[in-house]
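Observations on chain architecture
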Amino acid sequence: LPPPMGKIGVQKESVLNVADNSGAKLARIIGLLKGARSASVGDEVVVAVHTADPSSRNVKKGQIYHAVIVRAKREKERPDGSMLNAGDTAVVLINASKDPIGSRIRGVVSKSLMRTPFLKIISLAKYAL
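Keep in mind it's a predicted model, so treat the numbers as computed, not measured. (Residues numbered from 1 in each chain as written. Predicted model: local features only at pLDDT ≥ 70, side-chain atom pairs only at ≥ 80, totals over all residues. Heavy atoms only, no water.)

A few words now on the pattern of salt bridges. Tallied over the full model, the rule gives 3 salt bridges. The residue Glu-13 makes a salt bridge to Arg-28 at a minimum N-O spacing of 3.5 Å. Of this pair, Glu-13 sits in the segment before β1 (15-18) while Arg-28 sits in strand β2 (residues 24-32), and the two are 15 residues apart along the sequence. Here Arg-71 ties to Asp-88 by a salt bridge, and the two come within 2.7 Å at their closest N and O atoms. One end of the pair, Arg-71, is in strand β4 (residues 64-71); the other, Asp-88, is in the loop between β6 (83-84) and β7 (90-94), and 17 residues separate them in sequence. The pair formed by Arg-71 and Asp-88 is uniform in burial state, with each residue classed as buried. (Salt bridge = Lys/Arg side-chain N within 4 Å of Asp/Glu carboxyl O. Helix = DSSP H or I, 4+ residues; strand = E, 2+ residues; numbered from the N terminus. Buried < 20%, exposed > 50% of the residue type's maximum accessible area, 1.4 Å probe, protein only.)

Turning our eyes to something else, we now look at the nonpolar core. In this structure, Ile-29, Val-45, Val-47, Val-91 and Leu-93 are the most contacted members of the largest nonpolar core, which totals 17 residues. Mapped by element, the contributors of at least two residues to this core are β1, β2, β3 (44-52), β4 and β7. Examining the composition of this core, we find that 4 residues originate from one element, β2, more than from any other. Contact partners of Leu-93, with chain neighbours within four places excluded, come to Val-18, Asp-20, Ser-22, Ala-24, Val-47, Val-59, Tyr-65, His-66, Ala-67, Asp-99, Pro-100 and Ile-101. Core analysis: the next-biggest nonpolar cluster, separate from the first, contains 13 residues, Val-92, Ile-105, Ile-121 and Ala-125 among them. (Core = buried A, V, L, I, M, F, W, Y, C linked by side-chain atoms within 4.5 Å. Contact = heavy atoms within 4.5 Å.)

Turning next to the pairing of β4. With 6 of its 8 residues buried, β4 lies for the most part within the structure. Where β3 and β4 come together, 5 bridges link them in antiparallel fashion. Residue pairing in the sheet places Val-47 in a bridge with Tyr-65 of β4. Strand direction decides the pairing type here: β4 and β7, joined by 5 bridges, are antiparallel. By the bridge assignment for β7, Arg-71 is matched with Ala-90. (Pairing = 2+ DSSP bridges.)

Relative to the assigned elements, Ser-110 resides in the loop between β8 (105-109) and α1 (119-124). Its relative accessible area of 15% is what places Ser-110 among the buried residues. A distance of 2.8 Å separates the side chain of Ser-110 from the side chain of Ser-112, its partner in a polar contact. Non-local contacts of Ser-110, meaning those with residues more than four positions away in its chain, are made with Val-41, Val-70, Ile-122 and Leu-129. (Polar contact = N/O pair within 3.5 Å; in protein donor to acceptor, adjacent residues only side chain to side chain.)

Two strands in a sheet stick together by hydrogen bonds in their backbones, pointing the same way (parallel) or opposite ways (antiparallel). Strand order in the closed barrel formed by 5 strands is β1-β2-β3-β4-β7, and the pairing between neighbours is mixed. Across the sheet, the mean angle separating the axes of adjacent strands is 55° when strand polarity is ignored. (Axes fitted to C-alpha atoms, helices over the stretch in contact; angles between N-to-C directions.)

Below, the structure written as structure tokens:
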């Protein structure tokens, strides 16, 4: 039997890919907002940059940012019965006004972001599933 389709289970200390061109490659979750134990697509988390591009001017290793989870590796069942999953779990770094730091989004993003205040992320992405 497949596992139950609940939260994707991204917890503290999880290392995720960064899906924008801000200069960060990997980010480690150091905090979840609102006292949650796990986060799913569309949730805002606090991350520390784990690996960064050395030529990046804006983002350096060890800096702390807020980020939003844009895709999940775990399968998710849609109301019509279809199953959906991405190749990895990824975040996009955001600033205080909830706009992305990078100017481009690599890969796909989840359409469930439409119900959140992160519509700018969907408009920057090539594909939304």
